[in-house]
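These are the residues of each chain, in order.
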Amino acid sequence: MNRSTHRESQKGLLIDFTKCIGCEACMEGCREANDLAQPSPGDPPARELGADNFTVVVPREVDGKEVFIRRLCMHCADPACVSACPVGALTKRPDGAVSYDGDLCFGCRYCMVACPFSVPRYQWDSNAPVVRKCTLCYPRLDEGQEPACAAACPTGATRFGPRETLLEIARERIRKHPDLYVDHIFGEKEVGGGSILMISPVDFAQLGFPASMTHNPLPELTWAVQKRIPSIVVTGTVFLGGLYWVVNRRMERARDAEDAREVEDARGAER
Amino acid sequence: MPSIAGMDVRKLITPGRIAIGIIILGGVIITLRRFAFGLGATTNLSDQVPWGLWISFDVISGVALAAGGFTMALLVHIAGDHTYRGLVRPAILTAFLGYLLVIVGLLFDIGKPWNIWHAIIYWNHHSAMFEVAWCVMLYTTVLLLEFLPMVLERFGLHAPMRIIRAIQIPLFITGIVLSTLHQSSLGSLFLLTPGKLHPLWYTRYLPLLFFFSAVTVGFAMVMLESFLSSKFLRRGLELRLLARLGRYLAFADIFYLILRIQDLTRRGVWGEAFTGSTESIFFLAEMALFTVPLFILFSSRLRRQRTPLFLASLMIVIGLVLNRLNISLVGMLRSTGGSYLPNWQEIWLSVFLVLCAALVFGLAARFLPVFSAEGPRDAGAGAKRSTDGASQAAPA
């Protein structure tokens, strides 16, 4: 919708899997900044996104090589969830963050179905549940701070900045070290691109990311149909009205003819 | 015709009634549990499977199963085939109750039902769910107005009756247009999921397929409900009329299947149908349930027999439900890595809601002119209406 207007203002994160050491400082920073429930001591670290885990670090082994990946909301440029929400509880902000207003939400969970990355989570055990996901720490962005995960990362594996700058950095790293990286910036083009960019030493499909995603924004798929609603309403009404009129007129004519015949017969009988 | 069944007190307690009582009691308990403890305590839903039986069956299938209301209105009141006059009111009653069931099912399933009115004031016209919400609201209102004459007639309220009669045709047309939008919009919901929904079901023609499968099942439901009310409400069965309606069902079904097969061929995904995967088995079952009835419906001998005709309509109804379950549940599981089987409370509540609808249908059939009144009285009203129309149409 306003993708192009805000292209310059969009911020984002560049996540470089080659630099991630799996320390989970980002997860901790995230929990603190977003007031998420702390895991009970002794629990194994979360490996799945959850209502209280907006991001997770997941170790993956590919060809004997250990790679740490991060999962979080991709903050798409033209998000499926934003287009899906019937009440507009989800919005794409000019700074790139996809934000969510739990007061508007009535809980249809269509955003969860629509998200191509299956990111949004729900509070299944709550009596007034809301959708939960990474916010790109937009309250922090408003205060001029960077997202908590980027601030917490000790190795620079997660880096905050304007999306365009991050894209240049990512391209530069891949160009300089083709031996270290696969030539793919995940999030640059997937479903139209987003604010979160990832680069990796191995193929993204091998790390469990969706393979061969379309490069077109998903909302266009729905809009191609939705935009026809007015013409369907007009055409349908005219067609049905016309059909009724034609059929009804034909029946009336038949009845008129019948009436005329009855009158004739009656006259004939009088004579 | 409707012999009012005598209420024999000694026969009040029957095994059937006890079963009904148990189902209702369970339904009440699950209702309390749902609103006291939330969805987690009453369903097997998860972050990987956010839509389960309640959405797939009660809501998405429920809307399609209510399609008889608009197909019969179209056939009789717009296209003027008055042979089927007597089937319109039961179909409208079924549709009305079906939509009420959908709404109640929705209130159970959505996380914050007290916020449902937000759809009225916070608009996002890009959302297919927004269209769904508005279609539910508007068409339920239209169905109420289409149903109301049965109540007004029963209590002899002639003044409001005249008003509804006056707007009857615009009302039917509005209902048909809204149904077209609503049935197809449920398919539009899944247009956003190209990477998630299995290729046997994902196509950009989903809205079209949802619409034509709904038209098909609309006829099947009208027939099925005739069979069921002849059995349970001890009504006569107009088998010849249903056999004739079976031809419409046959043509709707074959048209839908041609669309479906053509789409699968165009996308080149037939290979997926025979891999033996869970998806392929569910797909083949669904296709079989839509195909086998054709052999009955296109046989002029079988179509005129009670049991085959009953089975044909039943198969199409089950096939439709399976299709909707496949799209909203089965076809989604692989990509999200989730697993799901409804728990007993989800199943029980669905049975409970269907039972409630059936009981209300039975009550309405007993106390309202659902089956009987479309006789000479109505024909007279129709003639009156048409003379009015004639005087307006011919001032010259």
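1. Describing the overall build of chain B
Now for step 1: Each helix and strand in chain B was counted, giving 15 helices and 0 strands.
Now for step 2: For chain B, the C-alpha radius of gyration of 22 Å lies close to 21 Å, the compact-globule estimate for 396 residues.
Now for step 3: For chain B, buried positions account for 56% of its 396 residues.
Now for step 4: When contacts within chain B are restricted to residue pairs at least 6 apart in sequence, long-range pairs at least 24 apart make up 79% of them.
Now for step 5: For chain B, the accessible area works out to roughly 17100 Å², and carbon and sulfur atoms hold 71% of it.
Now for step 6: The distance from the centre of the 32 positive side-chain charges to the centre of the 19 negative ones in chain B is 7 Å.

2. Here's the deal with the domain arrangement of chain A
Now for step 1: Looking at chain A, the domain boundaries give domain 1 (11-224) and domain 2 (228-270).
Now for step 2: If you average the C-alpha positions of domain 1 of chain A and of domain 2 of chain A, the two centres end up 63 Å apart.

3. Points about the nonpolar core
Now for step 1: Ranked by internal contacts, the top residues of the largest apolar core, which has 185 residues, are Y110 and M198 of chain A together with M72 of chain B.
Now for step 2: For this core, the leading source of residues is helix α10 (residues 206-232) of chain B, giving 14 residues.
Now for step 3: Setting aside residues up to four positions removed in sequence, Y110 of chain A forms contacts with A84 of chain A together with W51, S127, A128, M129, S188, L189, F190 and L192 of chain B.
Now for step 4: Core analysis: the second largest hydrophobic core is formed by 10 residues, L14, I174, L197 and I199 of chain A among them.

4. What about the state of the cysteines?
Residue and element names in this part refer to chain A.
Now for step 1: Summed over all chains, the structure comprises 0 disulfides over all chains.
Now for step 2: For the unlinked cysteine C149, the closest cysteine sulfur is that of C137, found at 6.3 Å.
Now for step 3: A relative accessible area of 6% places C149 in the buried class.

What counts and what doesn't
For every chain, the first residue of its written sequence is number 1, and the numbers climb from 1 along that sequence. Think of it this way: whatever chain is written first is A, whatever ligand is written first is 1, and the rest follow in order. Side-chain atom pairs in this predicted model are given and counted only at pLDDT of 80 or more, local residue features only at pLDDT of at least 70, and totals for whole chains, interfaces and linings cover all residues. Processing note: side-chain calculations cover all non-hydrogen atoms of the structure and skip hydrogens and water entirely. Strands are runs of DSSP state E lasting at least 2 residues, helices are runs of H or I lasting at least 4, and numbering of each runs from the N terminus. Based on C-alpha atoms, the radius of gyration is set beside the globule rule, defined as 2.2 Å times the residue count to the power 0.38. Relative accessibility thresholds used throughout: buried, under 20% of the residue-type maximum; exposed, over 50%; partly exposed, between the two (1.4 Å probe, protein chains only). Any two residues having at least one pair of non-hydrogen atoms within 4.5 Å are treated as being in contact. In short, Shrake-Rupley with a 1.4 Å probe defines the accessible areas, and a residue's cover is counted only from the protein chains shown. Residues scored as positive are Lys and Arg, those scored as negative are Asp and Glu, and His as well as the terminal groups of each chain are ignored. Lys charges are placed at NZ, Arg charges at CZ, Asp charges at CG and Glu charges at CD. An automatic or database domain assignment provides the domain bounds reported here. Buried residues of nine kinds, namely Ala, Val, Leu, Ile, Met, Phe, Trp, Tyr and Cys, make up a nonpolar core once their side-chain atoms join them within 4.5 Å. Whenever a pair of cysteine sulfur atoms sits within 2.5 Å, that pair is classed as a disulfide.

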